[in-house]
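Chain by chain, the residues:
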Amino acid sequence: MAGEPQADCLFCKIVSGEVPATVVRETDTTVAFRDINPQAPTHVLVIPKVHHPDAASLSAAEPQIAADVLREAGAVAADEKIDGTGYRVVFNTGSGAGQTVFHAHAHVLGGRGLNWPPG
């Protein structure tokens, strides 16, 4: 069921502490940790502690928690000192967009030039 931890979800296991991660921030509703395959000098994932398969379903079911994820993305950027030079927040939704873990999450990327369009 949406919102409930899923036994086969990597990010739910990180939230529960079952799988280790390099956590950089944590709130009552979110966890932020370093990506294990970074695409930029700063690459941190911000996830809600509740399970929703993607950003669209999270925002529809729990808009306040979706807002918490975005707020924490900004806090991560400030902590990582990339807020002044620019950073990107990315939500991949669906396998065609590159989503590989089906638990809503934001990528916070920065510390280098980020070209547009991404590709």
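See the structure shown above.
Overview of the structure. Source: prediction; values computed, not measured.

Quick notes on the pairing of strand S2 (residues 30-34)
- Of all five residues that make up S2, four are buried, and the element is covered over most of its length.
- Counted along the chain from strand S1 (residues 23-26) to the antiparallel partner S2, the turn is three residues long.
- The pairing of S2 with strand S3 (residues 42-48) spans five bridges and is classified as antiparallel. Counted as the bridge partner of Thr30 is Pro48 from S3.

Section: the pattern of salt bridges
- Per the counting criterion, the structure on display carries five salt bridges.
- Between Glu80 and Arg34 there is a salt bridge, with the nearest N and O atoms lying 2.8 Å from each other. Pair noted here: Glu80 is in the loop between helix H3 (63-79) and strand S4 (87-90) and Arg34 is in strand S2, with a separation of 46 residues, a long-range link.
- Given the relative accessible area of 21%, Glu80 is considered partly exposed.
- Given the relative accessible area of 33%, Arg34 is considered partly exposed.
- When salt bridges with common partners are traced through the structure, they connect Arg25, Glu72 and Asp79 into a single cluster.

Here we look at the sheet that holds S3
- Strand order in this open sheet of five strands is S1-S2-S3-S5-S4, and the pairing throughout is antiparallel. Lying at the two open borders of the sheet, with one neighbouring strand each, are S1 and S4. The average undirected angle you get between the axes of adjacent strands in this sheet is 20 degrees.

Thresholds, definitions, all that
- Residues numbered from 1 in each chain as written.
- Predicted model: local features only at pLDDT ≥ 70, side-chain atom pairs only at ≥ 80, totals over all residues.
- Heavy atoms only, no water.
- Buried < 20%, exposed > 50% of the residue type's maximum accessible area, 1.4 Å probe, protein only.
- Helix = DSSP H or I, 4+ residues; strand = E, 2+ residues; numbered from the N terminus.
- Pairing = 2+ DSSP bridges.
- Salt bridge = Lys/Arg side-chain N within 4 Å of Asp/Glu carboxyl O.
- Axes fitted to C-alpha atoms, helices over the stretch in contact; angles between N-to-C directions.

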